[in-house]
Amino acid sequence: MHPTDFSLRGAIEALNEGLISSVELTRAHLDGIEKLNPRLNAYITVMAEQALAQARASDARRAEGVAGPLEGVPLAIKDLFCTAGTLTTAGSRILGNFVPPYESTVSANLLRDGAVFLGKVNLDEFAMGSSNTTSAFGPVENPWSRANDPDTRLVPGGSSGGSAAAVAARLALGATATDTGGSIRQPAAFCGIAGIKPTYGRCSRWGVVAFASSLDQAGPVARTVEDCAILLKSMAGFDPKDSTSADVPVPDFAAACARGVKGLRIGVPKEYRLEGMPAEIGALWEQGLQWLRDQGAETVEISLPHTKYALPTYYIVAPAEASSNLARYDGVRFGLREAAKDSDLKDLYERTRAAGFGPEVKRRIMIGTYVLSAGYYDAYYLKAQKIRALIKRDFDDAFRTVDAIVTPATPSAAFGMDEKQDDPVTMYLNDVFTVTANLAGLPGLAVPAGLDRQGLPLGLQVIGRAFDEETVFAVGAAIETAADFRAVPTLRAGV
Amino acid sequence: MSLDTATVRRIASLARIRLEEEEVGRMQAELNGILGWIEQLQAVPTDGVEPMAGGGAVSLRMRDDLVTDGGIPEKILANAPDRQGGEGGEYFGVPKVVE
């Protein structure tokens, strides 16, 4: 077996048994990156020398009998997580030269547990997008392609497109990602891998470049549900530096993967049966529910009546918070500065931000500025916050009678790089199934469940109660076992 | 509600984003497309509903009002595009703001 084909759990076992060293494992991934990244563009920054040094140090620790839970495991880090001494761009020109002097809590937790960082992976600019085409460092290509149309290059989804493409193409055993409206789950589904957005507050936001602070949540992507569980255990935990970090114990998520679903009640929201959704996605959803029934779960139809208002609500709340968070990019303290010879301070701000932000980021800042401006705040922002409360209430009501909710992860498979680019709202519809969990603060897992007729992966989503990722992992693992998803993308390391 | 070009320019100014004259029309069309789509929310009855402000717990944790950080001017200034004063630059440089 090629070293890049290990699951994360398999790699940990092989390292423990001395079948492979971290240096060998790391080098195999770096070789894959060197070969495939020029095409996939998944990595913005490859940290080859540093990764090999970390791997050598890890092997030395292991030899001394001190091995952390992720000892020697090579990972990719979304370029939204600040990494001390390494360029952190958020996919934006405005942070194109930013080298943070500090480490994000989540990445520090991974380093504490022995992980090796291969590099920083690409994303939509400031995590705003569903196709990874808004990055200032160029689009990422999905390593999968259509069987009947192999020349059309597909998007990996977004915003964590680099994370998902890197993991799917075997250029990392797992990756950090973030999810504000679907940015972990949609790219995971498009790339045929698993990914979980945990409960809001589970992972610290400290040191993660902010987009919409009441929605942003970090989580892992990996090729199996259990690998996500192992990574989340390391990433999660209380952090006094994030005022919204939850001071709750971190359970053994990996153990929960083996729990089974016998006796669980699985909710099936009728509002998620969208008109115009491909029949294959509806069929896969029904298949997933049947797999769960076969394993002893009961499925029940539920109603989440405010579902159809979730996306427009999100497109008030998220831009409002973004317009406030992104006010910090002023060309004075860090990042890009653009000025004319006679610029005053306001002109410096305006030129810097015009040159530094791409079109999607500008649109969202503009929308956010408008909905927060005097005279419109109540009609837009306050109204959206109230509907957000109703969306959360729908879930609270549903979780009185069910233990988890299962839906499709996305309304389509991965699309072509030049599709859906003309109208922002068409692009926004990608997140129709995922955005509700962000608004309600709930955990959501995407798990690969099958292929469409063109051979592209499709995913299902499991949503759980706040801080009940364990049930989410149990249901996700049950779907994964039944689906027995073994398909691999055309572009991958080791072939 | 539809935004006119003057409003688009005003929002850009509030957001401190320079908009070139030829960009105004396109931005106006895109913003109106998004706002038109958002408009459907006005139909949702929300009387008596408490707005949900955060993503998690209703009340945020308080900490003691103590200094927990500081003494790292070099790190703070390390990414500054323009450093002024002293030998290596001791503060952020900006255009003159007081005449």
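If you're wondering where the values come from, they're calculated on a predicted model, not measured in any experiment. (Residues numbered from 1 in each chain as written. Chains lettered and ligands numbered in written order. Predicted model: local features only at pLDDT ≥ 70, side-chain atom pairs only at ≥ 80, totals over all residues.)

Caption draft 1: Quick look at the overall build of chain A. Looking only at helices and strands, one finds 16 helices and eleven strands in chain A. Its C-alpha atoms give chain A a radius of gyration of 21 Å, near enough to 23 Å, the size a compact globule of 495 residues would have. Within chain A, the proportion of its 495 residues that are buried is 62%. When contacts within chain A are restricted to residue pairs at least 6 apart in sequence, those whose partners lie at least 24 apart make up 78%. (Helix = DSSP H or I, 4+ residues; strand = E, 2+ residues; numbered from the N terminus. Rg over C-alpha atoms; globule rule 2.2 N^0.38 Å. Buried ≥ 20, exposed ≤ 12 C-beta atoms within 10 Å, placed from the backbone. Contact = placed C-beta atoms within 7 Å.)

Caption draft 2: View of the interface of chain A and chain B. Counting residues at the interface gives 55 residues for chain A and 39 residues for chain B. In terms of residue count, helix 13 (residues 377-398) of chain A provides more of the side of chain A that touches chain B than any other element does, ten residues in total. Across the side of chain A that touches chain B, the residue classes break down as 28 nonpolar, 13 polar and 14 charged. (Nonpolar A, V, L, I, M, F, W, Y, C, P; charged D, E, K, R; others polar.)

Caption draft 3: The arrangement of unusual backbone geometry in detail. Residues and elements named next belong to chain A. In the segment running from Gly158 into Ser159, the intervening peptide bond is cis, with an omega of 10 degrees. Topologically, Ser159 is positioned in the loop between strand 3 (116-121) and helix 5 (161-168). In this model, Asn41 sits at a positive phi of 60 degrees, which is unusual for a non-glycine residue. The residue Asn41 is located in the loop between helix 2 (22-40) and strand 1 (43-46) in this model. The phi dihedral of Asp484 falls on the positive side, at around 45 degrees, and the residue is not glycine.

Caption draft 4: Region of the structure containing the UniProt feature "active site" (unreviewed entry) in chain A. Residue and element names in this part refer to chain A. With numbering aligned to this structure, UniProt lists the feature "active site" (unreviewed entry) at Lys78, Ser159 and Ser183. A maximum C-alpha distance of 11.3 Å among these annotated residues, which run over 106 residues, shows that they cluster at one spot. Among residues more than four places away in sequence, those in contact with Ser159 are Leu123, Asp124, Ala127, Met128, Gly129, Asn132 and Ser183. Among the secondary structure elements, Ser183 is positioned in the loop between strand 4 (174-179) and helix 6 (185-190). We classify Ser183 as buried; it has 37 C-beta atoms within 10 Å. Each residue touching Ser183, except ones within four places of it in the same chain, is listed here: Ala127, Gly158, Ser159, Ser160, Ala177 and Thr178. (UniProt positions renumbered as here; feature names shortened; annotations may be inferred.)

Caption draft 5: Region of interest: the nonpolar core. All names here are of chain A. Judged by nonpolar contacts, the single largest core of 172 residues is most densely connected at Leu75, Ala166 and Val475. The leading source of residues in this core is helix 10 (residues 310-325), at nine residues. Setting aside anything within four residues of it in sequence, one finds Ala166 in contact with Ala42, Tyr43, Ala76, Val121, Leu171, Ala172 and Ala175. (Core = buried A, V, L, I, M, F, W, Y, C linked by C-beta atoms within 7 Å.)

Caption draft 6: Up close: the packing of helix 10 of chain A against helix 12 (residues 359-372) of chain A. Residues and elements named next belong to chain A. At a closest axis distance of 7 Å, the pairing of helix 10 and helix 12 adopts a crossing angle of 95 degrees. One way to sum up the angle between helix 10 and helix 12 is to call them roughly perpendicular. Here Ile316, Pro319, Ala320, Ala322 and Ser323 of helix 10 come into contact with helix 12, specifically with Arg364, Ile365, Ile367, Gly368, Thr369, Val371 and Leu372. Among the residues forming the contact of helix 10 with helix 12, the class breakdown is eight nonpolar, three polar and one charged. (Axes fitted to C-alpha atoms, helices over the stretch in contact; angles between N-to-C directions. Parallel < 35°, antiparallel > 145°, perpendicular 65-115°, else oblique.)

Caption draft 7: View of the confidence of the model for chain B. Counting all residues, the mean pLDDT for chain B is 92, and 97% of those residues have values of 70 or more. Overall fold confidence for the complex sits at a pTM of 0.97, while the interface term, ipTM, reaches 0.95. (pLDDT = per-residue confidence, 0-100.)

Caption draft 8: Spotlight on helix 2 of chain A. Residues and elements named next belong to chain A. Of all the bends in helix 2, the greatest, near 40 degrees, is centred on Glu34, and the proline Pro38 appears no more than four residues after it. Considered for burial, the residues of helix 2 that qualify are Ser22, Leu25, Thr26, Ala28, His29, Leu30, Gly32, Ile33, Leu36, Asn37 and Leu40. Where helix 2 is buried, its residues contact helix 1 (8-16), strand 1, helix 3 (48-63), strand 2 (74-78), strand 3 and helix 5. (Bend = angle between axes of the 7 residues up to and from the residue.)

Caption draft 9: Broad picture of the UniProt feature "domain: Amidase" (unreviewed entry) in chain A. The positions that UniProt labels "domain: Amidase" (unreviewed entry) are, in the present scheme, residues 24-472 of chain A. End C-alpha atoms of residues 24-472 of chain A are separated by 34 Å, and the span's content is 37% helix alongside 14% strand.

Caption draft 10: Region of the structure containing the packing of helix 10 of chain A against helix 13 of chain A. Residues and elements named next belong to chain A. One can describe the packing of helix 10 onto helix 13 by two numbers: an axis separation of 9 Å at closest approach and a directional angle of 125 degrees. Taken together, the axis directions place helix 10 and helix 13 in an arrangement best described as oblique. Judged by the sense of rotation from one axis to the other, the crossing of helix 10 with helix 13 is left-handed. Where helix 10 abuts helix 13, its residues Ala310, Thr313, Ile316, Val317 and Ala320 lie against Tyr380, Tyr381, Ala384, Ile387, Arg388 and Ile391. For the contact of helix 10 with helix 13, the residue count by class is nine nonpolar, one polar and one charged. (Left-handed = near helix turned anticlockwise from the far one by under 90°.)

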